[in-house]
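A structural walkthrough
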Amino acid sequence: MKLSKITLAVLGASLAAGLGVTAYAASGQSGGAEQPYQGLTALGYPAPQEGQLVHVPPTMADLEEADIHPELKKVIRRGYELFTDTQQLRGKNVFNDMNCSSCHLGEGRQPFSAPIWPAAITLPGFRGKNQHVNNLEERIAGCFAYSMNGTPPEYGSDDMLALSAYHQWLATGAPMYPDQPIYGRGFPAPPEPELEPDYARGEEVYQAQCTICHQDDGAGHYEDGEYVFPALWGDGSNNWGAGIVRTHTAAGFIKNNMPLGQPNSLSDQQAWDVAYYMVSQERPQDPRYTGDVDETLELFGPTFHRNSRYGEVREHDDHRLADHANTGEKDFLKPWNVGMPRFEELSE
Amino acid sequence: MNKTVIKGLGLLLGTGLNAGAAMALEGDAQRGQEASATCVACHQADGSGMNVPGGESWPRLAGLDSGYIVKQLHDFQEGRRENASMTLFANMLDDQQIADVAAYYSQMPVTPAQGGEEVDDALLERGEQLANRGDWDAYIVSCKSCHGPGSEGVGSDFPGIASQHAGYITAQLEAWKNDERSNDPQNLMGAIAKRMSDEDIQAVSAWLSRQSVTAE
């Protein structure tokens, strides 16, 4: 089957005007004249709206058929393998039980599960988290430092190039620096709940809905040395600097993706409560830790931790969250990319 | 003599105290062998079961998790899982015998499965995709994301399905799809099965039946 890139702007009158749709699709199928992601509405997701950029990334099957150099295919395949089995870098770049695809479900292609192709078309760009312009490699490096509690492959290295190539391949056909908001980007938080998120209610939801896979202690489950269910807290999970320690991000992930196979099945209140429960558990220290929680909060509260429970005292047991020097499985605190100065010569 | 402690962790929710106590019984494989006299006609002496084309296939029990077997037998007894012949045979076993036969079958080496022999490569490729990567465009998550590496099973809640008979897997997925089976925890399997086409079910059943599971 020959594949061609099509821009569904020509899709016909039934499509909402201004819906920017890009996709990789098989040719000869009546122009693929079907509005993408319609199946998601049955699962409780919003339909694409007028004025949004809607992109359907290619699959690995599309890659086999694609008209690109075989060497590039090999590198993209390597990137896909690293993305879905990041544990092969365990002890080198990864120091917890996670894969990239533990959070970015559907191989990084899935809307509302932080699909990864938007990074390839919106970067280089300014990032609030580290207050400077980041490119795709630096963005991926951030995931290694925080979500994988590790240290990134070097910029320009084979592994970094392979991961970047996979991101860019998924963005095939999407416009660079789009001027429209992106459909399904990130982990959109559900609406603010009626009641303040609550630890005890969250624990109830957790016990009823989550422990079958993630276990009582949040450690997830390994079988035959392979990750099955990822760790939600503890040394096997992301550290205090990962985006998902922010309650709204956790609630967005959970509401849109959990329990696996049953997205949007929890109420907004349940999603916020169980997220609050999850982000109220201990995990390895934030690599930006200065040795003092208050000082770290002063430095990174405004750009990050104002949305997390870092340094807060847990109500039920008076435990002060993140007040420790535990770095988990790794024997260092700060990987090379964290705090690396950028564009100092451009400063006013 | 091997003894297996039957753990019903996570399965006890909503099943009441009696079932809870029954599932905590310790199974004895030797006694299980005696009690299994009632099982062998269909499930065979080596626990391999049988793929029955055009009829009701009998699942392989050899190497299945004991906690999983215990739960299924209690579910048959109490109507949470329906099958005319299994309800009959399950009712012939008391709680201790259930624990014993579960221990007995769980210790057997996994046997090869049938039913996936005469399928074309395209179908097998689809089956492999569904088992290992899923089809997210249809929101079908992969088998291995719950059934574990090689889909060989995770604990008592997610049974090994690699090297299970294609006819049996197909029948179960169709049953979930048609609301005829619903004893899975939190509808985790039911939600996925309902998104699978008949061809998807055929494909993944065939592929799984062709996977060999080697002893650890």
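Residues numbered from 1 in each chain as written. Chains lettered and ligands numbered in written order. Predicted model: local features only at pLDDT ≥ 70, side-chain atom pairs only at ≥ 80, totals over all residues.

**Details of the overall build of chain A**
The condition that has to hold: Where helices and strands are cited, they refer to DSSP runs of H or I of at least four residues and of E of at least two residues respectively, numbered from the N terminus. Using C-alpha atoms as the atom set, the radius of gyration is obtained and then compared with a globule rule of 2.2 Å times the number of residues to the power 0.38. Contact between two residues is assigned whenever their backbone-derived C-beta positions fall within 7 Å.
Broken down by element type, chain A carries 11 helices and 7 strands. A compact globule built from 348 residues should have a C-alpha radius of gyration of about 20 Å, and chain A, at 21 Å, falls within 12% of that. For chain A, the spread of C-alpha atoms along the principal axes amounts to about 65 × 50 × 45 Å. Relative to all contacts within chain A whose residues are 6 or more apart in sequence, the contacts with residues 24 or more apart total 68%.

**Regarding the UniProt feature "domain: Cytochrome c" (unreviewed entry) in chain A**
Residue and element names in this part refer to chain A. Operational definition: UniProt positions are given in the numbering used here, feature names are shortened, and annotations may be inferred rather than shown by experiment.
Mapped onto this structure's residue numbering, the UniProt feature "domain: Cytochrome c" (unreviewed entry) falls at residues 86–171 and 197–282. The span residues 86–171 is 40% helical and 7% strand by assignment, and the distance between its end C-alpha atoms comes to 21 Å. Between the C-alpha atoms that bound residues 197–282 there is a distance of 18 Å. The span itself is 43% helix and 8% strand.

**Overview of the packing of helix H9 (residues 166–177) of chain B against helix H11 (residues 198–209) of chain B**
Residues and elements named next belong to chain B. Spelled out, the test is: The angle between two axes is taken between their N-to-C directions and runs from 0 to 180 degrees, where each axis is a line fitted to C-alpha atoms and a helix contributes only its stretch in contact. Here is the rule for handedness: rotate from the far helix to the near one, and if that takes an anticlockwise turn smaller than a right angle the crossing is left-handed, while a clockwise turn gives right-handed. In this count, Pro and Cys sit with the nonpolar residues alongside Ala, Val, Leu, Ile, Met, Phe, Trp and Tyr, while Asp, Glu, Lys and Arg are called charged and the others, Gly among them, polar.
Between H9 and H11, whose axes approach to 8 Å, the crossing angle comes to 145°. Handedness of the crossing formed by H9 with H11: right-handed. Between H9, through Ala166, Ile169, Thr170, Leu173 and Glu174, and H11, the contact on the second element is made entirely by Ile201, Gln202, Ser205, Ala206, Leu208 and Ser209. Taken together, the residues of the contact of H9 with H11 sort by class into 6 nonpolar, 4 polar and 1 charged.

**A closer look at the domain arrangement of chain B**
Interfaces are frequently sized by the accessible area removed from exposure as the parts join. Residues and elements named next belong to chain B. What counts is decided by this rule: An automatic or database domain assignment supplies the start and end points of every domain.
The domains assigned to chain B are domain 1 (3–106) and domain 2 (121–209). Opposite the 23 residues of domain 1 that make contact, domain 2 presents 17 residues. Its residues placed into classes, the side of domain 1 that touches domain 2 shows 7 nonpolar, 7 polar and 9 charged.

**Some details on the interface of chain A and chain B**
Facing the 18 residues of chain A at the interface are 16 residues of chain B. Of all the secondary structure elements, the ones that give two or more residues to the side of chain A that touches chain B are helix H8 (211–214), strand E6 (221–223) and strand E7 (226–229) of chain A. Looking at side-chain class alone, the side of chain A that touches chain B contains 5 nonpolar, 8 polar and 5 charged residues.

**Notes on unusual backbone geometry**
The phi angle of most residues is negative, glycine excepted, and most peptide bonds adopt the trans form. Residues and elements named next belong to chain A. Selection rule: Here a residue counts as buried when 20 or more other C-beta atoms fall within 10 Å of its C-beta, as exposed when 12 or fewer do, and as partly exposed in between; the C-beta atoms come from the backbone.
Each neighbour pair has its own omega, and for Leu123 with Pro124 the value is 0°, a cis peptide bond. Within the fold, Pro124 resides in the loop between helix H4 (117–122) and strand E4 (125–127). At Glu107, a position not held by glycine, the phi torsion is positive, near 60°. Turning to its location among the elements, Glu107 is positioned in the loop between helix H3 (100–103) and H4. Given 22 C-beta atoms within 10 Å, Glu107 falls into the buried group. Unlike most non-glycine residues, Ala114 shows phi in positive territory, near 45°.

**Digging into the UniProt feature "binding site: heme c 2" (unreviewed entry) in chain B**
All names here are of chain B. Residues annotated in UniProt with the feature "binding site: heme c 2" (unreviewed entry) correspond here to Cys143, Cys146, His147 and Met189. A maximum C-alpha distance of 10.5 Å places the annotated residues, which cover 47 residues in sequence, within one compact spot. Along the polypeptide, Cys146 turns up in helix H8 (residues 144–147). What makes Cys146 buried here is the crowd of 23 C-beta atoms within 10 Å. Residues contacting Cys146, with those up to four places away along its chain left out, are Val154, Phe158 and Leu188. Within the secondary structure, His147 is located in helix H8.

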